[in-house]
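# Analysis of the macromolecular model
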Amino acid sequence: MVSFDLNHVIESQQFDRDILELVFRTADMMKEDLAGDRKLAKFLDGKIMASLFYEPSTRTRFSFESAMRRLGGEVITTENAREFSSAAKGESLADSTRIINGYADLIVMRHNEAGSAARAAEISRIPVINAGDGAGQHPTQALLDMYTIVDAFPQMNNLKIALVGDLRYGRTVRSLSYLLTKYEGIEIVFVSPPVCRMERDIKDYLDKYQVPWREEDDLSEVIREIDCIYMTRIQKERFHSIDDYREAAGKYILTPELVAQMKRDAIIMHPLPRVDEIPPVVDSAPQARYFEQAQNGLYIRMALLYLLLKS
Ligand code: CP
């Protein structure tokens, strides 16, 4: 089997099919272990994970912290690192990273600036995991997204995937787009208003790997042909213009009427949190996978901690 030779997890492009397969099979092992005899409950005994979140989070932070504890490791953390770490006193990210290197075995970091995790990794002796860097990337979200898609469609044959909503500032859809190039027969439909179009660098990457893509404005025009619809929140906090935000907000709502037009075996995903783009009434639809998707985050993050810290 392929070995896991990554020192840090910064961007989705680090993962090829062999490493993806290793991560996914390790996540399967974590899921089985949690449901079974808990042989791995002390596997990371004595290891410490520093979770350093400069931006809010529910899923990523809690699932990483839960993952570490479920493997027997410990967690050091701060509420809102922007306010309660020495960043509030002007300490640089480089200095914080150097200092935490002496206290922990791994850093999980969410930051408001794209490229911040890569900068921290450059000077860090211990693994750095990017838990979301501004409008840059969110590679561990992409891994759990891909794990969810492969679970729903094990053959991965000729899938049509719609990425819907805030594609301009959405780091989850950027990271997922990179991973989708690793599979054959994928076609991507970007559904967004003009103010939230997917950036050129991702389109160029898809072209390079010969992944067909197109852009649409109207979700109802494409809903019948899609196998996987990936809804996203319009991220008010990342818009530079309130007029642009108003143009995008509330435009894509996956109503029960739209869900009724979907293929029966299609799936609905969302990285969460949601605002109004998926009404709660849709949660009971057979296509809804977003809570299972969030749960998969625990298994994927356990797998990453295991693979990065096991030696
Ligand atoms: N999907 C995701 O990153 O959720 P959080 O912001 O709650 O971590």
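Residues numbered from 1 in each chain as written. Predicted model: local features only at pLDDT ≥ 70, side-chain atom pairs only at ≥ 80, totals over all residues. Heavy atoms only, no water.

### Digging into helix α4 (residues 93-101)
Put simply, the rule reads: To sort residues, take the accessible area from a 1.4 Å probe on protein chains only and compare it with the maximum for the residue type: under 20% means buried, over 50% means exposed, and anything in between is partly exposed. Comment: elements are numbered from the N terminus, with helices defined as DSSP H or I runs of at least four residues and strands as E runs of at least two. The directions from the helix axis to the C-beta atoms are what the arc is built from. Contacts between residues were defined by any pair of non-hydrogen atoms, one from each residue, lying within 4.5 Å.
Buried residues of α4: Leu93, Ser96, Thr97, Ile100 and Asn101, and no others. Relative to the axis of α4, the buried residues are bounded by an arc of 140 degrees and lie together on one face. On its buried face, α4 is in contact with β1 (48-53), β3 (106-111) and α5 (116-123).

### Here's the deal with the packing of aromatic side chains
Inclusion rule: Here a Phe, Tyr or Trp ring, Trp counted by its six-membered ring, pairs with any other such ring whose centre lies within 6.5 Å, and the pair is stacked when the planes are under 30 degrees apart, edge-to-face when over 60, and tilted otherwise.
All chains considered together, the criterion is met by eight aromatic pairs. Centre to centre, the rings of Tyr178 and Tyr205 are 4.6 Å apart; their planes meet at 85 degrees, and the pair counts as edge-to-face. Taken together, the positions of Tyr178 in helix α7 (residues 171-180) and Tyr205 in helix α8 (residues 200-208) put the pair 27 residues apart, joining distant regions of the chain. In this pair, the class of Tyr178 matches that of Tyr205, namely buried.

### Topic: α5
Every buried residue of α5 is listed here: Ser116, Ala117, Ala120 and Ala121. The buried side chains of α5 occupy one side of the element, clustering within an arc of 135 degrees when seen end-on. Those residues of α5 that are buried lie in contact with α4, β3 and β4 (128-133).

### Remarks on the site of the ligand
Which entries qualify depends on this criterion: Throughout, near means a residue has at least one heavy atom within 4 Å of the molecule or strand. Within 3.5 Å is the distance limit for a polar contact, defined as a pair of N or O atoms, with the added protein rule that one can donate a hydrogen and the other accept it, and that residues adjacent in sequence qualify only through two side-chain atoms. In short, Shrake-Rupley with a 1.4 Å probe defines the accessible areas, and a residue's cover is counted only from the protein chains shown. When residues are sorted by character, Ala, Val, Leu, Ile, Met, Phe, Trp, Tyr, Cys and Pro go into the nonpolar class, Asp, Glu, Lys and Arg into the charged class, and all the rest, Gly among them, into the polar class. Domain delimitation follows an automatic or database domain assignment.
All residues adjacent to the ligand are Ser57, Thr58, Arg59, Thr60, Arg110, His138, Gln141, Pro271 and Leu272. A distance of 2.6 Å is found between an oxygen atom of the ligand and a side-chain nitrogen or oxygen belonging to Ser57. In this structure, a nitrogen atom belonging to the ligand sits 2.9 Å away from a main-chain N or O atom of Pro271. Isolated, the ligand exposes 260 Å² of accessible area, and the fraction of that covered by the protein chains is 92%. Across the shell around the ligand, the residue classes break down as two nonpolar, five polar and two charged. Each of domain 1 (12-137 + 295-309) and domain 2 (139-294) gives at least three residues to the shell around the ligand.

### Overview of the pattern of salt bridges
How we decide: The salt bridge definition used is simple: a Lys or Arg side-chain nitrogen within 4 Å of an Asp or Glu carboxyl oxygen.
All chains considered together, the criterion is met by 25 salt bridges. One salt bridge in this structure joins Arg168 and Glu199, with 3.8 Å as the shortest N-O distance. Taken as a pair, Arg168 in the loop between β5 (160-164) and α7 and Glu199 in the loop between β6 (187-191) and α8 lie far apart in primary sequence, 31 residues in all. Given the relative accessible area of 31%, Arg168 is considered partly exposed. Residues Arg200 and Asp204 are paired through a salt bridge, measuring 3.0 Å at the closest nitrogen-oxygen approach. Of this pair, Arg200 and Asp204 both sit in helix α8, four residues apart, which is roughly one turn of the helix. Taking relative accessible area as the criterion, Asp204 reaches 41% and is therefore assigned partly exposed. Linked through salt bridges whose partners overlap, the residues forming this network are Lys160, Glu187, Arg214, Glu216 and Glu225.

### Details of the domain arrangement of the protein
Convention followed: Buried area is understood as the total, over both parts, of accessible area removed when two parts are fitted together, assessed with a 1.4 Å probe.
On domain assignment, one finds that the protein holds domain 1 (12-137 + 295-309) and domain 2 (139-294). Spacing between the C-alpha centres of domain 1 and domain 2 amounts to 25 Å. In this complex, domain 1 contributes 30 residues to the contact, which on the side of domain 2 involves 27 residues. Both sides of the domain 1 and domain 2 interface together cover about 2,500 Å² of buried area, and 58% of this is carbon and sulfur. Here domain 1 and domain 2 share two salt bridges between them. Salt-bridge contacts for Glu55 lead to Arg238; the nearest nitrogen and oxygen are separated by 3.1 Å. The interface formed by domain 1 and domain 2 contains 19 residue pairs in polar contact (both at pLDDT 80 or more). Of all the secondary-structure elements, those providing two or more residues to the side of domain 1 that touches domain 2 are α1 (17-35), α2 (59-70), β3, β4 and α12 (290-309). For the side of domain 1 that touches domain 2, the class distribution of residues is ten nonpolar, eleven polar and nine charged.

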